[in-house]
Amino acid sequence: MPAVAPSPVLASPARAAYVHIPFCRRRCYYCDFPISVLGDRLRGEASGTVTQYVDWLCQEIGATPTAAEPLTTVFFGGGTPSLLSVDQLGRILTVLADRFGLDPQAEISMEMDPGTFDLAQIQGYCNWGVNRISLGVQAFQTPLLQACGRTHAAGDIDQAVQLLAEAGVTNVSLDLISGLPGQTEADWRESLESAIALSPQHLSVYDLTIESETAFGRWYQPGDAPLPSDDHTAAFYRLAQATLTAAGYDHYEISNYAQPGFRCRHNQVYWHNQPHYGFGMGATSYLDHRRFSRPRTLRTYHQWLETYLSAPEQAEEPPVSDTERLLDTLMVGLRLAEGVNLSQLQQAFGAKPVQRVQEILRRYVSANWVQFAQDTAGDTWVCLQDPDGFLFSNVVLVALFEAF
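Owing to the predicted nature of the structure, the values given are computational and were not obtained by experimental measurement.

If you tally the helices and strands in the protein, you get 15 helices and 16 strands. Relative to the globule expectation of 22 Å for 404 residues, the C-alpha radius of gyration of the protein, 22 Å, shows essentially globular dimensions. Along the first, second and third principal axes, the C-alpha atoms of the protein reach 60 × 50 × 40 Å. Counting across all 404 residues of the protein, residues that qualify as buried make up 51%. At a minimum sequence separation of 6, the contacts of the protein that also span at least 24 residues come to 72%. The positive charge centre, built from 26 side chains, and the negative charge centre, built from 44, are 3 Å apart in the protein.

Okay, here's the thing in structure tokens:
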């Protein structure tokens, strides 16, 4: 490993870290994430590829400039992070704690798939500090899961949730996908009701996106059978909103619902456009108003890491412009139910661009897509209305981007 010079302290503190674990048993048919397929047999310390990657990851973390403040959120995403052994996860968390510090109340989230962990494994993860699990359920119908290339069946979901309960995990999120090939409204209603019956603290509900480089992208065109039509997917969205809010879940973000006190703290860092670290293949950091992404394959990530360790300044990117920051803040902030504080936006970017933003957004007030309001402090806020404003958020965002 090349010698690494002492790292400077970052000017603006980042207290959130995303760690990418790229390994999966197989690639789902809708997935365009940066992953590496292991097959159904290899995992954790039994895989030289995983072991090598963990080494690389720890080297990157150890060479990263610090913010002089402990991390308050860590998110292990993928891929399938539950393919890591307990010791491998512990090693990564130890390096993070040594380098940055971990707040005693830090939210440490981990994505898992049903059928990829046992009780001892989840207990081991929790012993290392993992306290929030995001379970990749996607659907409660085995034929739909098979049609997506998933490795688990519907029966594995209940077992996975039971294991999490036995391990004492009290912050569980379930991921669901609507708009799958052949999915009916009855299927979707059943998935929503089955999810509610498991009493998770959080639910993420995504509409299927067809990416050109995926298997689905080669097989299907958006809106064509066997995919549901646009009208049907809009109906699925409204059904999710009505069903989950009636069950007591707060629709706090376009795709996310939570019981009181269980909003995902890590993802809110993104939605408020705040600084964060990204580590590993394909991960993106946002530090000191600069964004940079790592390469998306194991080979190119390793090549990048070798350069980074010997010459970290070469990884730096120019700061994003004020216009880019303004649009980024609007794009992520309007995903939240509370929307964006325009008074704070004006302080950051000036009156003229924010006035232009308001002019554009007021076009959609009469359609009940956008709402303006004042809080008790006298600040002006703007938000997208639920559900139609969220449903047509892309139309609103395109108008904003075209104006700037």
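In space, the three strands of this open sheet follow the order β14-β16-β15, with antiparallel pairing throughout. If you trace the sheet from one side to the other, it starts and ends with β14 (340-341) and β15 (370-374), each paired once. In this sheet, strand β16 (residues 380-384) lies alongside β15 in antiparallel orientation, the contact comprising five bridges. Pairing of V370 across the sheet is with L384, part of β16.

This next bit is on the nonpolar core. Core analysis: the largest hydrophobic core is formed by 71 residues, its most contacted members being F76, I92 and L96. Leave out the neighbours within four places in its chain, and L96 touches V19, I61, L71, V74, F76, G101 and F279. Ranked by size, the runner-up nonpolar core spans 24 residues in total, among them L326, L334, I360 and L400.

Next up on the list: the pattern of salt bridges. Scanning the model with the defined rule gives 14 salt bridges in all. R26 is paired through a salt bridge with D40; the nearest N and O atoms lie 2.9 Å apart. Of the two residues, R26 sits in the loop between β2 (23-24) and β3 (36-37) while D40 sits in the loop between β3 and α1 (48-62), which places them 14 residues apart along the sequence. Relative accessible area serves as the criterion here: at 38%, R26 is assigned to the partly exposed category. Using a relative accessible area of 48% as the deciding quantity, one classes D40 as partly exposed. The salt bridge partner of R294 is E60, with a shortest N-O separation of 2.7 Å. One end of the pair, R294, is in the loop between β13 (290-293) and α10 (298-310); the other, E60, is in helix α1, and 234 residues separate them in sequence. Exposure class is identical for R294 and E60. Each is buried.

This part is about unusual backbone geometry. For the peptide bond that leads from A225 to P226, omega is 10 degrees, which places it in the cis range. When you line up the elements, P226 lands in the loop between α7 (215-219) and α8 (230-246). In this chain, D386 is followed by P387 through a cis amide linkage whose omega measures 10 degrees. By the element assignment, P387 lies in the loop between β16 and α14 (388-391). You will see that D288, though not glycine, has its phi angle at about 50 degrees, which is positive.

In this section: helix α6 (residues 185-197). The end-to-end C-alpha distance of α6, which contains 13 residues, comes to 18 Å, matching closely the 18 Å that a straight helix rising 1.5 Å per residue would cover. What α6 keeps buried is the set D187, W188, S191, L192 and A195. Down the axis of α6, the sector holding all buried residues measures 135 degrees, keeping them to one side. In α6, the exposed positions angled more than 90 degrees off the buried face are occupied by A186 and A197. Within two residues after α6, S199 carries a phi angle of roughly 55 degrees, on the positive side.

Pairing within the open sheet is mixed, and its nine strands lie in the order β9-β10-β8-β7-β6-β5-β4-β1-β11. With partners counted over all chains shown, the strands left at the sheet margins are β9 (250-253) and β11 (277-279), one partner each. Taking the axes of each pair of neighbouring strands and ignoring which way they run, one obtains an average angle of 20 degrees across the sheet. The pairing of strand β4 (residues 71-78) with strand β5 (residues 102-112) spans five bridges and is parallel. For T73, the partnering residue across the bridge sits in β5 and is E107. Of the strands in this sheet, β7 (172-178) and β8 (202-207) touch α6, which is tilted by about 180 degrees from β7.

The geometry of helix α12 (residues 342-349) relative to helix α13 (residues 351-361) is characterised by a closest axis approach of 7 Å and an angle of 140 degrees between their N-to-C directions. Contacts from L342, L345, Q346 and F349 in α12 reach A351, P353, V354 and Q358 in α13. Taken together, the residues of the contact of α12 with α13 sort by class into six nonpolar, two polar and no charged.

Looking now at the side chain of D328. The topology assignment puts D328 in helix α11 (residues 322-333). Looking at D328, the relative accessible area reads 17%, which means it is buried. Beyond its immediate chain neighbours, meaning those up to four positions away, D328 contacts N273 and R291.

Cut-offs used in this document
Residues numbered from 1 in each chain as written. Predicted model: local features only at pLDDT ≥ 70, side-chain atom pairs only at ≥ 80, totals over all residues. Heavy atoms only, no water. Helix = DSSP H or I, 4+ residues; strand = E, 2+ residues; numbered from the N terminus. Rg over C-alpha atoms; globule rule 2.2 N^0.38 Å. Buried < 20%, exposed > 50% of the residue type's maximum accessible area, 1.4 Å probe, protein only. Contact = heavy atoms within 4.5 Å. Lys, Arg positive; Asp, Glu negative; His and termini not counted. Charge placed at Lys NZ, Arg CZ, Asp CG, Glu CD. Pairing = 2+ DSSP bridges. Core = buried A, V, L, I, M, F, W, Y, C linked by side-chain atoms within 4.5 Å. Salt bridge = Lys/Arg side-chain N within 4 Å of Asp/Glu carboxyl O. Expected span 1.5 Å × (residues − 1). Arc of directions from axis to C-beta. Axes fitted to C-alpha atoms, helices over the stretch in contact; angles between N-to-C directions. Nonpolar A, V, L, I, M, F, W, Y, C, P; charged D, E, K, R; others polar.

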